[in-house]
Amino acid sequence: MSRKYKIGDRLAITWIDSGLATHLAGWHSSEDYHERISINSMKVETIGMYLMQDKHTLTVVASRARHPDTDSYVDATTVAKQCILKVRRL
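So, here is what we can say about the structure in this document.

Thresholds, definitions, all that
- Along each chain, residues carry numbers from 1 onward, in the same order as the chain's sequence is written.
- The predicted origin of the model limits local features to residues at a pLDDT of at least 70 and limits the giving and counting of side-chain atom pairs to 80 or more, whereas totals for whole chains, interfaces and linings rest on all residues.
- For side-chain calculations, the full set of non-hydrogen atoms in the structure is used, while hydrogens and water are omitted.
- Among buried residues, the Ala, Val, Leu, Ile, Met, Phe, Trp, Tyr and Cys ones that are joined through side-chain atoms within 4.5 Å form a nonpolar core.
- Working definition: with a 1.4 Å probe on protein chains only, accessible area under 20% of the residue-type maximum means buried, over 50% means exposed, and in between means partly exposed.
- Counting from the N terminus, the helices are the DSSP runs of H or I reaching at least four residues and the strands are the DSSP runs of E reaching at least two.
- Only heavy atoms matter for contacts: two residues are in contact if any of them lie within 4.5 Å across the pair.
- Pairs were defined over the aromatic rings of Phe, Tyr and Trp, the Trp ring being its six-membered one, requiring ring centres within 6.5 Å. Orientation was assigned from the angle between planes: stacked under 30 degrees, edge-to-face over 60, tilted for the rest.

## Topic: the nonpolar core
Stage number 1. By size, the foremost hydrophobic cluster in this structure holds twelve residues: Tyr5, Leu11, Ile13, Trp15, Tyr50, Leu58, Val60, Val79, Ala80, Cys83, Ile84 and Val87.
Stage number 2. Contributing elements (two or more residues each) for this core: strand E1 (10-17), strand E3 (57-66), strand E4 (71-80) and strand E5 (84-89).
Stage number 3. It is E1 that provides the largest number of residues to this core, a total of three residues.
Stage number 4. With residues up to four places along the chain from it excluded, the contact list for Trp15 reads Met42, Lys43, Val44, Thr46, Val79, Cys83, Ile84 and Leu85.

## Quick look at the packing of aromatic side chains
Stage number 1. Inspection of every chain in the model, using the stated rule, returns one aromatic pair.
Stage number 2. Each ring, one from Tyr5 and one from Tyr50, has its centre 5.5 Å from the other, and the planes form 45 degrees; the classification is tilted. Highlighted residues: Tyr5 in the segment before E1 and Tyr50 in strand E2 (residues 42-53), separated in sequence by 45 residues. Of the two residues examined, Tyr5 and Tyr50, each falls in the buried class.

In structure tokens, the structure reads:
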């Protein structure tokens with residue numbers, strides 16, 4: 001997944017969360033991911049504004065506050081690319 005997005009593009013990301021509802025949030029290794037995904041997976045849809053991505057993750061935000069000097073981002077969600085099923089622009 002190497003699509004180009006601009007900061008502020010509105011995206012809907014469908015992804016698989018490999019954690020349990022009772023499990024505290026956190027990252028898992030690639031090895032753990034493949035084991036956990038078949039056991040404890042939940043499909044999630046996250047809607048937000050594109051902020052950034054790197055080789056392994058995609059980050060969107062729910063809110064952006066406009067200030068005369070800076071833009072501040074809040075409520076960021078970062079999803080591991082190996083968990084993403086689909087991304088679409090809204």
